[in-house]
Amino acid sequence: MRQSLATATCFVSLLATLSGGVAETVQSRGNSDFSSTCQEISQAISSASGFHWQGLDLLYIKDVGHWATSSSDQAACSVEPGTAEDVAAILQIVAKNKTPFAVKGAGHASNPGFSSTPGVQIAMYRFSGVTYHADQGVAEVGTGLIWDNVYSALEPYGVNVVGGRVTGVGVAGFTLGGGYSWKTNQYGLTVDNLTGFELVLPNGTVTTVTQDSYPDLFFGLKGGFNNFGIVTKFNLTTHTQTEVWGGLITITQDQLDKVNDATVKFSKTVTDPKAQVLPTYNFVLGQPGVSLLLFYDSPTPPAGIFDDYLAIPSFTKDVKTRTFLDLVKVAPANATGGQRGIFHTVSLFDYTDKIMDAVLNETKFWGSRLSLKTGTFISYDVEPFLSSIFSHAPEGSSAFPPSRSKGLLPLNIYYAWLLDIADEDMYEAARQSADHLTKVVLGEGQDVADAALYGNYAIFDTPMERIYGDNLPKLKALKAQYDPDNVMGLAGGWKF
């Protein structure tokens, strides 16, 4: 029986609710090992901030919660700083007491422990401002937002920034990791569109980081995640935004060869930087299918660019001229929230018939097997960008990518499941699938054996060399300079 993506993902969400995946059991008081640190923080912060002990407090549950429940932990307490000065006070206290902590923007990280902790959970929600400086062509954006908030705030001004492609994705981790966007073909990664940061250094100093003030930190923060302190604001270059054309098409298993063919042709022949596609191969409810996002950064696309996709018989189709924000919201990206999950990735240079066949085969192979281990959503995102995407900024201008000689296309592997007993099986499956797809890509003559992997997609045990390449020694030295006591080492994430 044919099912639309919307129907399937609603069913998946219901499974998560029935399994108790949305909120896990919490205790009534903070971990005694960290209670003194929590108490000290509660007394040090100003009235602009909020503090919550571990327990059934809904704000505590929000603070520690993540899109993937496997990324959450039960912190001894949570704190929502409202000023950079309060962030500084918190950092100084956890540093003095050597208490583990975590920094969470919107909580979309899939790697366990990267933005969660048994110690002090710092939730950045109160950094929620968006200020447009028309004279500078810059938007000042708080790190507690999701991209939906940013697009909504900028829409009245007819401008936009280079940010996330689907609803619910946080500004902070996305930006600090690199940032592949609907606008990347035109303007590069999100890090290529940064003009400054408000940063709280590990020693508690609040500073503004720009190319002029701290060129070394400006380099390190662009792809270097949370190694150099806690970012409270980003300054992002704005670009004129009209209505766009695009939307979501769901396609059933009998038509997937046509999707493969259209994707290879699009990847090899379409050079218009305003045009993008995002075909996602999903195994849901016992069968494969594709949810296809089309995007053109203008109210009407030129004739012919998307014809091969539009000619494929579809189960649902919602493609039209609309606002940018409406397009971002069209895909049900939050439907698998409240379940366990993991990402992994493969980097490649372009898509071929054999690579697309392998993606479809992996969807079927792992979908059928992992469904037996409470897997609910086995997904492979195909992202065919232009090869010129890294040319929008100079070589050596950012921690990621480590080389800009040729654009890397990040294929995203995403698995969602219900029970923690399946965690290791899912992690190992993601590794095996990435390894297999890498061999296929190598077999197609693409030299990606040492190609940088995108940190926002890479699984937690990926070697740092695979993300940062030749930049790693420089980043380690930078970390030692600005964080000699390794305060940020008390938090999770990719660590130099």
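Refer to the preceding data block for the structure.
Right, let's walk through the structure included here. Note that the structure is predicted; figures quoted are calculated from it, not measured.

### Looking at the overall build of the chain
Of the regular secondary structure elements, the chain holds 15 helices and 18 strands. Relative to the globule expectation of 23 Å for 496 residues, the C-alpha radius of gyration of the chain, 22 Å, shows essentially globular dimensions. With respect to the principal axes defined by its C-alpha atoms, the chain has extents near 65 × 50 × 45 Å. Every one of the 496 residues in the chain was classed for burial, and the buried ones make up 60%. Restricting the contact set of the chain to residue pairs at least 6 apart, pairs at least 24 apart contribute 75%. When the accessible surface of the chain is totalled, it reaches about 18,300 Å², and 52% of it is carbon and sulfur. When the 33 basic and 48 acidic side-chain charges of the chain are each reduced to a single mean position, those positions are 2 Å apart.

### Concerning helix H15 (residues 472-482)
If you check which residues of H15 are buried, you get Leu-472, Leu-475, Leu-478, Lys-479 and Tyr-482. Down the axis of H15, the sector holding all buried residues measures 120 degrees, keeping them to one side. Residues Pro-473 and Gln-481 are exposed on H15 and point more than 90 degrees away from its buried face. In this structure, the buried residues of H15 make contact with helix H8 (215-221) and helix H14 (464-468).

### Digging into the state of the cysteines
Scanning the entire structure with this criterion turns up one disulfide. A sulfur-sulfur separation of 2.1 Å characterises the disulfide bridge that pairs Cys-38 with Cys-77. The sign of the S-S torsion, about -85 degrees, decides the handedness of the disulfide formed by Cys-38 and Cys-77: left-handed. One end of the pair, Cys-38, is in helix H2 (residues 35-44); the other, Cys-77, is in strand E2 (residues 77-80), and 39 residues separate them in sequence. Grouping residues by exposure puts Cys-38 and Cys-77 together as buried.

### Overview of the nonpolar core
Tyr-380, Tyr-415 and Tyr-468 are the most contacted members of the largest nonpolar core, which totals 123 residues. Here this core gets eight residues from one element, more than from any other, and that element is helix H13 (residues 423-443).

### Some remarks on the packing of aromatic side chains
The final tally for this structure, using the stated rule, is 29 aromatic pairs. Aromatic rings pair up to connect Trp-67, Tyr-180, Phe-343, Phe-377, Phe-385, Phe-400, Tyr-414, Tyr-454 and Tyr-457 into one cluster. A cation over an aromatic ring shows up here: Lys-406 above the ring of Phe-349, its NZ or CZ 4.5 Å from the ring centre. Over the aromatic face of Phe-219 sits the side chain of Lys-474, whose NZ or CZ is 3.9 Å from the ring centroid.

### Examining a negative patch on the surface
On the surface, a cluster of negative charge is contributed by Asp-257, Asp-261, Asp-353 and Asp-357. At the level of elements, helix H9 (256-269) and helix H12 (353-370) are the ones that each hand at least two residues to the negative patch. Mapped onto the fold, Asp-353 is located in helix H12. The partly exposed category is assigned to Asp-353, whose relative accessible area is 47%.

### Considering the sheet that holds strand E10 (residues 230-237)
Judged by pairing direction, the sheet is antiparallel, and its five strands sit side by side in the order E5-E6-E10-E8-E9 without closing on themselves. Strands with a single pairing partner mark the edges of an open sheet, and in this sheet they are strand E5 (130-133) and strand E9 (206-209). Averaged over all neighbouring strand pairs, the angle between strand axes comes to 15 degrees, with direction disregarded. Relative to E10, strand E6 (residues 138-142) runs antiparallel, the two being bridged by five bridges. Of the residues in E10, the one forming a bridge with Ala-139 is Leu-236. Lying over the sheet, helix H4 (residues 84-97) contacts strand E8 (194-200), E9 and E10, oriented at roughly 50 degrees with respect to E8.

Calculation criteria
- Residues numbered from 1 in each chain as written.
- Predicted model: local features only at pLDDT ≥ 70, side-chain atom pairs only at ≥ 80, totals over all residues.
- Heavy atoms only, no water.
- Helix = DSSP H or I, 4+ residues; strand = E, 2+ residues; numbered from the N terminus.
- Rg over C-alpha atoms; globule rule 2.2 N^0.38 Å.
- Buried < 20%, exposed > 50% of the residue type's maximum accessible area, 1.4 Å probe, protein only.
- Contact = heavy atoms within 4.5 Å.
- Areas by Shrake-Rupley, 256 points an atom, 1.4 Å probe, with all protein chains shown as cover.
- Lys, Arg positive; Asp, Glu negative; His and termini not counted.
- Charge placed at Lys NZ, Arg CZ, Asp CG, Glu CD.
- Arc of directions from axis to C-beta.
- Disulfide = S-S within 2.5 Å.
- Core = buried A, V, L, I, M, F, W, Y, C linked by side-chain atoms within 4.5 Å.
- Phe/Tyr/Trp six-rings, centres within 6.5 Å; stacked < 30°, edge-to-face > 60°.
- Lys NZ or Arg CZ within 6 Å of the ring centre and 35° of its normal.
- Patch = residues over 30% accessible without salt bridge, like charges linked within 9 Å, V, L, I, M, F, W, Y side chains within 5 Å.
- Salt bridge = Lys/Arg side-chain N within 4 Å of Asp/Glu carboxyl O.
- Pairing = 2+ DSSP bridges.
- Axes fitted to C-alpha atoms, helices over the stretch in contact; angles between N-to-C directions.

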